[in-house]
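# Fold and contact review
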Amino acid sequence: MTQRSLDRLIRPKTIAVFGGREARRVIEQCDRMGFAGEIWPVHPTQENVLGRRCYRSVADLPDAPDAAFVGVNRTLTVDIVRELSARGAGGAVCYASGFSEAVAELADGADLQQALVRAADAMPIVGPNCYGMINGLDGALLWPDQHGIVRSERGVAILTQSSNIAINLSMQRRGLPISYLMTAGNQAQTGLSDLARAVLEDPRVTAVGLHIEGFGDIRALEALAMRARELKKPVVALKVGKSEQAQRATVSHTASLAGSDAVAGAVLDRLGIGRVETLPELIEMLKLLHVAGPLESNAISSMSCSGGEASLMADAAVGRTVEFRALKPEQLPALRASLGQMVTLSNPLDYHTFVWGDLGRQTEAFSAMFAGDYALNLLVLDFPREDRCDGADWMITVAAVTAAAKQTGARAGILATLPENMPEAIAEQLIEAGIVPFCGISETLAAADIAIGIAKAWNRQQLLPLLNASIAEGEVETLNEAAAKAELAAAGLAVPLGRIAATASEAADCAEQLGFPVALKALGVEHKSEVGAVKLNLWGRNAVRDAAEGMAGVAHGFLVERMIDRPIAELIVGAVRDPVVGLTLTVGAGGILVELLEDSVILPLPVTKAEVLERISRLKVRKLIEGYRGNAGSSLEIVADAVLSAAEYVVTNAAHLEELDINPLMVLAESRGAIAADALIRRRR
């Protein structure tokens, strides 16, 4: 069954409403926003609702409605959806609760949700357990409550699983024009990503914001990201669930690094979907994307008439991608001429108050700064209270910023350090003039950071589809270290020279053949160091034999390996299976530093060498790899090749692999390679 297009549902010309109080509210909201289409109330006893004739059933309607709001009880909802589908309706919002979200209270909740999906057949449905949607472009609402959205000609779309968060976002007073506001509820049939793709096609939509509780269909999210990239319409997400840990049994260190939230962040990064941390960041991010779009470099500028504000801006950039790049020499004469001799020319720039209230000199100064080829130019300006103060001079500064941006063609934003100091009317005026009205220093710089990341993602080569998350049936087996290393060696990963022995005497013989010193390991033990099942730097037959005899109680044979030279860095490379995304690769500081440093990156699979290099360059341990404070180093290229070999092994064996853990991957000095010193593989038989 192929689901029909969502176009009629989200941009309806006719709306049917079912139910009592909630249905009446839907009509009220449509009337308030000036919906020009027809609205058909359906009720078993009422004659009319708000001046409109009331119909008795779906069959009595004049035609198949483009959209329907079904605000009746949960069992009747299924019946009405079935009738709407048979009539050829464009889609329905299912308001009722008591479906899969209530299985703890209602034993039939999950079954009823499946019945609802079957009843809908190919007709799109949104929900159940949701408020529905607001189309602020056409004034079409399937929404049974108050909201703060006004009609607009273009704007951003916001989609969330939570109806209450949607209401809260609609009440923002920060000047953000919202074209669509949608809630997805249980996503029984139609998910957030499906809705987002549909609104993305509307030429009046400039960007999309998502509030995500769970990814759901990862393929739909991929399709959304691909389409956003094609249309050059950015998507940004607030993904909640940082405290959630993957619920699966693992025996490796990798699992402690690759929790579900870390995987979610890596997937969003790969797809070019910006990730924000808070609702205020989401609003500021969407304003930036609506007005200016992604940022092609990390160079930004800041101007304020206070040294205190300049310091706040500089400090807020620490640890971020954004850079307050130094002024160019060619900017200095014009800045000096407009600002005078007493101003220290720098970025961030405190321009003092010498030009305050002077439109001409402010325009000259701002134009000189904006001419520095910055991706974004910020002017810090908190507006005075309108009920107690005169803001005329502040509006002169607004006019100067607007004129400078127009003259130079640069992206510009006016930043109020406190949200209440950016009046909504002024924010709307700034957006109309192509100036971003920002609220909050940290939120603004976070938005710039994310906009830089989206541009980088769009500039990367075309995305490879993520691995399929499915896995073959079968009992899980854990390979011993020797078998695991043999498989990795066949995949191109370097491993120590070693041999297998059955007895202590054979282990001593193997050691002599390999050459001392050697490492001795008991096979069949997963966490060897915890039970004394590994001994290093053994010299001589007797030392090897004695060590093997000491391990005899836990060993199922022995692995004897030639000792590896002292590494310059130890890494962990591993893969674990996320229940939604499937297998992902983790790379980080290894050995005893795994949990201590928490220095790791996650790579969704498959992956290119360019992606590997870009991700591992973020690691703190990179300094050791490249040679720290004059010590011998290696190269990230060598590490990337080893990681890529591990990634290719995972991709090739994805249908059966549960877990891979290489810890440590020893990076040797002077570009002598990277060697897997220990390895664990768990897979389905």
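Structure's up top.
Residues numbered from 1 in each chain as written. Predicted model: local features only at pLDDT ≥ 70, side-chain atom pairs only at ≥ 80, totals over all residues. Heavy atoms only, no water.

### Side note on the sheet that holds strand β2 (residues 38-42)
Operational definition: Note on pairing: DSSP must find at least two bridges between two strands before they are called paired. Helix numbering and strand numbering both begin at the N terminus, where a helix is a DSSP run of H or I of at least 4 residues and a strand a DSSP run of E of at least 2. Between two residues, a contact is recorded if the distance between any of their heavy atoms is within 4.5 Å. Every axis corresponds to a line fitted to the C-alpha atoms, with the helix fit spanning only the stretch in contact, and the corresponding angles, defined between N-to-C directions, vary from 0 to 180 degrees.
A sheet is described by the order of its strands in space; here 5 strands give the open sequence β2-β1-β5-β6-β7, paired in parallel fashion. Edge positions in the sheet fall to β2 and β7 (125-126), since each of these pairs with one other strand and no more. In the sheet, strand β1 (residues 14-19) pairs with strand β5 (residues 67-71) via 5 bridges, with the strands oriented parallel. Within β5, the residue paired with G19 across the bridge is G71. Contacting β1, β5, β6 (92-94) and β7, helix α3 (residues 74-87) crosses the sheet at an angle of about 165° to β5.

### Observations regarding helix α12 (residues 332-339)
Note the cut-off: Each residue's exposure class comes from its accessible area (1.4 Å probe, protein chains only) as a fraction of the maximum for that residue type: buried when under 20%, exposed when over 50%, partly exposed otherwise. The arc under discussion is defined with respect to the helix axis, by the directions toward the C-beta atoms.
Residues L335, S338 and L339 constitute the buried set of α12. Around the axis of α12, the buried residues are gathered within 85° of arc, so they sit on the same side. For α12, the exposed residues set more than 90 degrees away from the buried face come down to P333 and A337. Each element contacted by the buried residues of α12 is listed here: β16 (349-350) and α13 (359-370).

### Description of unusual backbone geometry
Here N347 and P348 are connected by a cis peptide whose omega angle stands at 5°. With respect to the element layout, P348 can be found in the loop between α12 and β16. Between L605 and P606 the backbone carries a cis peptide bond, its omega angle lying at -5°. By the secondary structure assignment, P606 is in the loop between β27 (600-604) and α21 (609-616). A positive phi angle is found at D121, which is not glycine, with a value near 55°. By the secondary structure assignment, D121 is in the loop between α4 (109-120) and β7.

### With respect to the packing of α21 against helix α23 (residues 636-652)
Relative orientation and spacing of two packed helices are given, respectively, by the angle between their axes and the distance between those axes. The line we're drawing: When describing relative orientation, an angle under 35 degrees is termed roughly parallel and one over 145 degrees roughly antiparallel, while 65 to 115 degrees is termed roughly perpendicular and anything else oblique. Each crossing gets its hand from how the near helix is turned against the far one by less than a right angle, where anticlockwise is left-handed and clockwise is right-handed. Throughout, the ten residues Ala, Val, Leu, Ile, Met, Phe, Trp, Tyr, Cys and Pro are labelled nonpolar, Asp, Glu, Lys and Arg are labelled charged, and all others, Gly among them, are labelled polar.
Here α21 crosses α23 at 120°, and the two axes come no closer than 9 Å. Classified by the angle between their axes, α21 and α23 sit oblique to one another. The way α21 lies across α23 gives a crossing that is right-handed. Contact with α21, carried on its side by K609, V612, L613 and I616, involves L636, E637, V639, A640, D641, V643 and L644 of α23 and no other residues of that element. Counted by class, the contact of α21 with α23 contains 8 nonpolar, no polar and 3 charged residues.

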